[in-house]
Amino acid sequence: MKPEFELSNNPVIAQMSSMDHDQILFCSDNQTGLKAIIAIHDTTLGPALGGTRMWNYDNELEALNDVLRLSRGMTYKNAISDLALGGGKAVIIGDSKTMKSEALFRRFGRFVNSLAGNYITAEDVGISPSDMVWVSKETDHVVGLPGKSGDPSPVTAFGTYMGIKACAKIRYGTDDLAGRKILVQGVGHVGEYLVEHLSKEGAEVFIADIHDDTVSRVAQTYGAKGIELDSVYGLDMDIYAPCALGGTINDTTLPKLKCAIVAGAANNQLGVEDRHGKALLERGILYAPDFAINAGGVINCFSEVEGLSSEWAMGKSEEIYHTIYNIVSRSEKERVPSHIIAMKMAEEKINNGLKK
Ligand code: NAD
């Protein structure tokens, strides 16, 4: 007799196996209202490290999709950066403005603890350091606490700056950014530090942000030029550095882009990975894969896990120059989109780790 419930037809199991995840923990607690999913994608190179995101998802399947994609991304990010870490991520389903409580985060912390160090958590969108302090009351497997490795943004910005220079070296034969027209979209935590590096080197920096007061302040502090949001994609520029939200490389923006390089800190920059990665290559625009160029943040977290100094984290982030140089030059030579090259390189590192 045919079973009523076929596991292979279950959308959750199908999604989990489509990206080859190791483990998924669905967390639910009626008393605190906690609904969360922790996804461990791969632990070949070490414990899975990746932040916890709190977001008002429309439904559980949407949350599952997000956590599966993000945790796989962490595997690639950690591997390409040569960190002894696997990839994982957690999402808490709910409104970060109204649903937070100490009890909820402590309950979440107990779920993290039940994974016995296979998953190490940190802050992500919608989560503040004080939320993580509550989590840490229940588990040691948390990084990025106040007074520890601190704000990762300066490290992320420095790594991104290194990645931009590597792309410039490939495109222009020099990594000197003096006089280059560079647009930084989003001048928040990472964007502002990036603007500082670029301005110091003498680049002509343009900035855009949804907050006019931030644009005015950053423009004035670093001598950058603020531009209107709707002028971003048509701007005549050498380098476009997305440092706000993901998905800014898409069917609408691509035809307008007038730049030679896309290299910025935002996560998930390609709207549809394969289509838009290929389109950038065909248009002759160099693309620094987001998960490789913005790894400074996780490098900073790793330094906390291993008890390493902030100087070590900055030194390790400097290596992003070589990582991006290798990825992008291989992409140019083989005529394969850079994000695919980067994923292959990360997989090679994982397979080498497996052989050890
Ligand atoms: P943030 O929230 O501090 O800054 C984002 C900025 O973008 C804000 O100033 C916001 O007003 C602006 N913004 C939002 N929508 C915009 C739009 N449509 N156009 C222009 N500006 C817009 O975030 P952050 O920590 O600086 O992170 C920036 C990006 O880098 C994010 O995608 C994040 O996921 C990624 N990232 C950050 C880190 C880190 O260390 N903080 C590490 C890795 C990746």
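Here the structure is a predicted model, which means the values were calculated and not measured.

**Quick notes on the domain arrangement of the chain**
On domain assignment, one finds that the chain holds domain 1 (7-136) and domain 2 (153-352). Domain 1 and domain 2 are separated by 26 Å when their C-alpha centres are compared. Contacts between the two partners involve 22 residues from domain 1, matched on the other side by 23 residues from domain 2. Together domain 1 and domain 2 conceal approximately 1800 Å² of surface at their shared face, both sides included; 71% is due to carbon and sulfur atoms.

**So, the site of the ligand**
The full set close to the ligand counts 21 residues, and T156, H189, V190, D209 and A244 are the nearest of them. At 3.5 Å from a nitrogen atom of the ligand is found a side-chain nitrogen or oxygen belonging to S153. V190 is positioned with one of its backbone polar atoms (N or O) 2.8 Å from an oxygen atom of the ligand. Here the ligand has 830 Å² of accessible area as a free molecule, and 74% of this is covered by the chains. Of all elements in the fold, only helix 5 (153-172) and helix 6 (189-200) reach the threshold of two or more residues within the shell around the ligand.

**Here we look at empty space enclosed by the protein**
Remark: the empty space left among the atoms is shown by a probe the size of a water molecule rolled over them. Using the criterion set out here, one finds one cavity of 30 Å³ or more in the structure. Empty space within the largest cavity amounts to approximately 70 Å³. Considering the residues around the largest cavity, the lining is formed by G277, L280, L281, I285, L286, Y287, V328, S331, E332, P337, S338 and H339. Going through the elements one at a time, helix 8 (273-282), strand 12 (286-287), helix 12 (320-334) and helix 13 (338-355) are the ones with two or more residues in the lining of the largest cavity. Grouping the amino acids of the lining of the largest cavity by side-chain chemistry returns seven nonpolar, four polar and one charged.

**Comments concerning the sheet that holds strand 9 (residues 225-226)**
The six strands lie next to each other as 9-8-7-10-11-12, forming an open sheet whose pairing is parallel. Only two strands of the sheet have a single neighbouring strand rather than two, namely strand 9 and strand 12. Pairing analysis gives four bridges linking strand 7 (residues 181-185) to strand 10 (residues 239-242), with the strands arranged parallel. Bridge pairing in strand 10 links L183 to Y240.

**Brief notes about the nonpolar core**
Among the nonpolar cores identified, the biggest contains 64 residues, and L177, V184, L194, L198, I207 and I324 are the most heavily contacted of them. For this core, the element with the most residues is helix 5, which contributes nine residues. Counting 21 residues, the second largest nonpolar core, distinct from the first, contains A48, M54, F108 and V135.

**A closer look at the side chain of D124**
With respect to the element layout, D124 can be found in the loop between strand 6 (119-120) and helix 4 (129-136). A relative accessible area of 17% places D124 in the buried class. Residue contacts for D124: discarding those within four places in its chain leaves G51, T52, R53 and K89.

**Examining the packing of helix 1 (residues 11-18) against helix 2 (residues 60-80)**
At a closest axis distance of 10 Å, the pairing of helix 1 and helix 2 adopts a crossing angle of 15°. Viewed along their axes, helix 1 and helix 2 adopt a mutual orientation that is roughly parallel. In this structure, helix 1 crosses over helix 2, and the sense of that crossing is right-handed. The residues of helix 2 that touch helix 1, namely those facing V12, Q15 and M16, are L61, L64, N65 and L68. Taken together, the residues of the contact of helix 1 with helix 2 break down into five nonpolar, two polar and no charged.

**Quick look at the pairing of strand 2 (residues 34-42)**
Burial within strand 2 is extensive, with eight of its nine residues counted as buried. In the sheet, strand 1 (residues 23-29) pairs with strand 2 via seven bridges, with the strands oriented antiparallel. Residue pairing for strand 2: F26 is matched across the bridge by I37. A loop of four residues connects strand 1 with strand 2, the two strands running antiparallel in sequence, and G33 in this loop sits at a positive phi of about 80°. Across six bridges, the pairing between strand 2 and strand 5 (residues 86-93) is antiparallel. Paired with I40 across the two strands is G88, which belongs to strand 5.

Criteria and cut-off values
- Residues numbered from 1 in each chain as written.
- Predicted model: local features only at pLDDT ≥ 70, side-chain atom pairs only at ≥ 80, totals over all residues.
- Heavy atoms only, no water.
- Domains from an automatic or database assignment.
- Contact = heavy atoms within 4.5 Å.
- Buried area = accessible area lost by both parts, 1.4 Å probe.
- Near = heavy atom within 4 Å.
- Polar contact = N/O pair within 3.5 Å; in protein donor to acceptor, adjacent residues only side chain to side chain.
- Areas by Shrake-Rupley, 256 points an atom, 1.4 Å probe, with all protein chains shown as cover.
- Helix = DSSP H or I, 4+ residues; strand = E, 2+ residues; numbered from the N terminus.
- 1 Å grid on protein atoms, 1.4 Å probe; cavity = no way out; pocket = protein on both sides within 12 Å on 5 of 7 lines; lining within 4 Å.
- Points joined across faces, edges and corners; volume = space filled by probe spheres on them.
- Nonpolar A, V, L, I, M, F, W, Y, C, P; charged D, E, K, R; others polar.
- Pairing = 2+ DSSP bridges.
- Core = buried A, V, L, I, M, F, W, Y, C linked by side-chain atoms within 4.5 Å.
- Buried < 20%, exposed > 50% of the residue type's maximum accessible area, 1.4 Å probe, protein only.
- Axes fitted to C-alpha atoms, helices over the stretch in contact; angles between N-to-C directions.
- Parallel < 35°, antiparallel > 145°, perpendicular 65-115°, else oblique.
- Left-handed = near helix turned anticlockwise from the far one by under 90°.

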